[in-house]
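# Residue-level structural notes
Given next are the chains, with one letter for each unit.
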Amino acid sequence: MSLRDKVVKHLEGQHDQKSHDPKRGKRLAATAGVPKRSPKPKGDKRAAANSYHGSHRSILERLMGQGLQSPASQSDTAFKDAVSSYRAELGMSAKAAVARAKSVFVTTNLDDAREYGTKADGLGLVLKITPPANAKFRQDELWSDTPSRQRFEGDIPTSWISGVASVGADGQLSGFVPLEKALRLWKTAGVYYAAVVSETS
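Residues numbered from 1 in each chain as written. Predicted model: local features only at pLDDT ≥ 70, side-chain atom pairs only at ≥ 80, totals over all residues. Heavy atoms only, no water.

### With respect to the layout of surface pockets
To keep things clear, this is the line we draw: Cavities and pockets are found on a 1 Å grid laid over the protein atoms alone: a cavity is a set of points where a 1.4 Å probe fits but cannot escape, a pocket is an open set with protein on both sides within 12 Å along at least five of seven lines, and a lining residue has an atom within 4 Å of such a point. Grid points are joined across faces, edges and corners, and a volume is the space filled by probe spheres set on the points. Helical segments are the DSSP runs of H or I of at least four residues, strand segments are the runs of E of at least two, and each set is numbered from the N terminus. Note on residue classes: Ala, Val, Leu, Ile, Met, Phe, Trp, Tyr, Cys and Pro are nonpolar, Asp, Glu, Lys and Arg are charged, and everything else, Gly too, is polar.
If you add up the space inside the largest pocket, you get close to 670 Å³. As for the largest pocket, its lining consists of 28 residues, of which His53, Gly54, Val104, Phe105 and Tyr116 are closest to the centre. At five residues, strand S3 (residues 103-107) tops the list of elements feeding residues into the lining of the largest pocket. Classifying every residue of the lining of the largest pocket by side-chain character gives 15 nonpolar, nine polar and four charged.

### Quick word on the packing of helix H5 (residues 76-90) against helix H6 (residues 94-101)
Which entries qualify depends on this criterion: Note on method: axes are straight lines fitted to C-alpha atoms, helices fitted across the in-contact stretch only, with angles between N-to-C directions ranging 0 to 180 degrees. Any angle from 65 to 115 degrees is called roughly perpendicular, while one under 35 is roughly parallel, one over 145 is roughly antiparallel, and all others are oblique. Helix crossings fall into two classes, left-handed where the near helix is turned counterclockwise from the far one by less than a right angle and right-handed where it is turned clockwise. Throughout, a residue-residue contact means that at least one pair of heavy atoms, one from each residue, lies within 4.5 Å.
Where H5 meets H6, the closest approach of the two axes is 9 Å, and the angle between their N-to-C directions is 135 degrees. One finds that H5 runs oblique with respect to H6. For the pair H5 and H6, the sense of crossing is right-handed. Only Ala94, Ala97, Val98, Arg100 and Ala101 of H6 make contact with H5, whose side of the interface consists of Phe79, Ala82, Val83, Tyr86 and Arg87. Partitioning the contact of H5 with H6 into residue classes produces eight nonpolar, no polar and two charged.

### Structural notes on the confidence of the model for the protein
How we decide: A residue's pLDDT is the predictor's confidence in that residue, given on a scale from 0 to 100.
Within the protein, residue pLDDT values average 77, and 70% of them lie at 70 or more. Contacts for the low-pLDDT stretch residues 6-42, under 50 throughout, to residues beyond four places or in other chains number 19 contacts. Contacts of residues 191-201 to residues separated by more than four positions or lying in other chains number 24 contacts, the stretch itself having pLDDT below 50.

### Points about the nonpolar core
When a protein is soluble and globular, its nonpolar side chains tend to lie buried together. Quick reminder of the rule: Buried residues of nine kinds, namely Ala, Val, Leu, Ile, Met, Phe, Trp, Tyr and Cys, make up a nonpolar core once their side-chain atoms join them within 4.5 Å. Partly exposed describes any residue whose relative accessible area lies between the buried limit of under 20% and the exposed limit of over 50%, with all areas from a 1.4 Å probe on protein chains only and scaled to the type maximum.
Core analysis: the largest hydrophobic core is formed by 20 residues, its most contacted members being Leu60, Leu63, Leu68, Leu127, Ile156, Trp160 and Val164. Only helix H3 (60-66), S3, strand S4 (124-129), strand S7 (161-167) and helix H8 (179-189) provide two or more residues apiece to this core. If we ignore the near neighbours within four places in the chain, the residues touching leucine 68 are His53, Ile59, Leu63, Val104, Leu127, Ile129, Asp155 and Ile156.

### A word on the packing of aromatic side chains
Using the following cut-off: Stacked, tilted and edge-to-face pairs are distinguished by plane angle, under 30 degrees for stacked and over 60 for edge-to-face with tilted covering the rest, among Phe, Tyr and Trp rings (Trp via its six-membered ring) whose centres lie within 6.5 Å.
Under the criterion given, the structure shown has three aromatic pairs. Taking 6.1 Å as the distance between ring centres and 35 degrees as the angle between the ring planes, the aromatic pair formed by tyrosine 52 and phenylalanine 176 counts as tilted. Residue tyrosine 52 is found in strand S2 (residues 51-56), and its partner phenylalanine 176 is found in the loop between S7 and H8; the two are separated by 124 residues along the sequence. Residue tyrosine 52 is classed as buried on the basis of its relative accessible area of 12%. A residue is classified by how much of its surface remains accessible, and phenylalanine 176, at 27% relative accessible area, is partly exposed.

See below:
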């Protein structure tokens, strides 16, 4: 399924099929007069215990000082390019495109993150992200049928990055080590993947 198809599918899903459920009227009658709780903002999810992000090892040093940044925080050019791409290629509204360009994307499925890391031709990595319990994530609109795909509006600080694992060209994932240790191994060993495997095997 193409990304555009995913967006169309998401928009079609906005039509609430429950409104056609004859049992719904009975449920509403049964709860008449019961005080309603304030609804959670639409789309918000409680942070999972761990999320993951696949990328290239070249971002390691930047992670130490800046965390995992959205295009909006990287540069004006990166932000404008992201917004333009979302609007032109996916037909998004300006508001939706801006929201995505201000987001960092994660998954609660480790294999999904490893797949992204594998695309880095042996120089990939997977970040383990452990956010505070009150952090709010949103469903990634392009993956409305995959709850594990989420986005965080804003930047993910270094303090949330609880581990780094390297990914070989064959998809092999090393053990997770702290970010500081991963950066040290990469700098001192030259071959980051081999160094991490040797220390975690």
